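Listed here are the chains, written in short residue letters.
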Amino acid sequence: MSAKTDLRSLSRSELKSLMPKLGLAAFRGEQIFDWAQKRAAASINELTNLSAADQKKLAAACYLALPVLIKKDVAANGDTAKLLLELADGERIETAIMFYSGKDSRDRVTCCVSTQTGCVMGCKFCATAQYQKCRNLTAGEIVSQVQMADKAAKELGSKGLTNLVYMGMGEPMLNLAQVKKSIELLNDERGLNIGQRKIAVSTCGLPKQIRQMADWKMQIHLAISLHAANDELRRNLMPAAARYPLQELLAAADYYQAQTGRRVCYEYALFKDINDRPEAARSLGKLLDGRGALINLIPANPLPETGFMPSDDETVKHFSRLLSLYNVEVQIRQERGRDINAACGQLRKRTLEV
Ligand code: SAH
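In this text the structure is predicted, and so the values were computed from the model without any measurement. (Residues numbered from 1 in each chain as written. Predicted model: local features only at pLDDT ≥ 70, side-chain atom pairs only at ≥ 80, totals over all residues. Heavy atoms only, no water.)

### Section: the nonpolar core
Among the nonpolar cores identified, the biggest contains 110 residues, and Leu58, Ile97, Leu164, Tyr166 and Leu288 are the most heavily contacted of them. Examining the composition of this core, we find that eight residues originate from one element, helix 4 (residues 139-155), more than from any other. Viewed by domain, this core spans two of them, domain 1 (5-63) and domain 2 (68-353), each represented by three or more residues. Excluding residues within four positions of it along the chain, Ile97 makes contact with Asp79, Thr80, Ala81, Leu83, Val109, Thr110, Ala149, Ala152, Ala153 and Leu161. (Core = buried A, V, L, I, M, F, W, Y, C linked by side-chain atoms within 4.5 Å. Buried < 20%, exposed > 50% of the residue type's maximum accessible area, 1.4 Å probe, protein only. Helix = DSSP H or I, 4+ residues; strand = E, 2+ residues; numbered from the N terminus. Domains from an automatic or database assignment. Contact = heavy atoms within 4.5 Å.)

### Let's talk about the sheet that holds strand 8 (residues 199-203)
The strands making up a sheet are joined through hydrogen bonds of the backbone, oriented either antiparallel or parallel. Sheet architecture is open: 10 strands sit in the order 3-4-5-6-7-8-9-10-11-12, paired in mixed fashion. Of all the strands in the sheet, the pair left with one neighbour each is strand 3 (68-74) and strand 12 (329-332). Along the sheet, successive strands turn relative to each other by an average axial angle of 20°, direction set aside. (Pairing = 2+ DSSP bridges. Axes fitted to C-alpha atoms, helices over the stretch in contact; angles between N-to-C directions.)

### Regarding helix 6 (residues 207-215)
For helix 6, the complete set of buried residues consists of Pro207, Gln209, Ile210, Met213 and Ala214. Projection of helix 6 onto a plane perpendicular to its axis shows the buried side chains occupying an angular sector of 160°, all on one side. Those residues of helix 6 hidden inside the fold are in contact with helix 5 (176-187), strand 8, strand 9 (221-225) and helix 8 (246-260). Just beyond helix 6, the residue with positive phi is Lys217, at close to 55°. (Arc of directions from axis to C-beta.)

Structure representation (structure tokens):
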């Protein structure tokens, strides 16, 4: 990694205070922010409102780079796309883009953002878990990934990204500082200007970090990957969860809701004969009853290497009906992008097979 400073990782005020140290006028900071964030410049050479001399001073201490687009897949029905991106050190990540149209969704375009180049949490059903040797993305890398997705979304005929879900590769709570920074950059009105309410962060459930996130007092949504309503099953499915008993996790989620006023979304992927029985629905209902929760049921996505099978449609519907007997709101998520392996849990570090 370069010892130089990534200009895309810096806020407007950080850029402004950096300028005099490099011998540039402070107002250049605003211009550079515009290039780095709004215009997604790929290099310092592109900053045409800076003199060659200023570009040189900047390049001596800093850099601007975009990931290389290795591959772009588009689902047959066009509602989902996936990018394989290569970062400066050769690490690769995947990023999904989902297009929603129609009256209700007001042409929403959602980017599923990766925060690490793999994941150490070890969830048994997830493709990303195969890459335990991984590193955190920097805020600048997270932003540049979103910019690449925005560009691709426009090339595919949309007006660009409107929503972000931090639900790609990695566990955002293990990279909290860079996740926060990236949200601030992407939310900046002079950057991509994506509203906080249009951003969600998903976690497999680290209570301490959830509380830290609550204290940001931002308007972003929190999603918790629950997948089981009792500790024993959850531990089997999500080994890292063994360290965080459900009661501790739910207390942190309640704290998030109290601090931010945002309703917490619980994700529950339905795996055939594992967590999809009527008793499981009842214990989930009891666990979340009266918490003001939204439950997102996800028909599981099959992964050849794990042996987990998705529940059939009728089981999913029945599970949902049983849950609606409790004081919770239930949605069945329409999975997209399975034909290009872009659905939940299908993102991975692709190397040889591309
Ligand atoms: N590490 C974070 C962010 C990843 S989000 C988290 O766990 O929340 C990816 C979502 O897809 C998570 O809810 C994850 O549990 C879910 N997922 C993983 N594998 C899946 C599969 N095979 N089918 C359906 N959902 C899956």
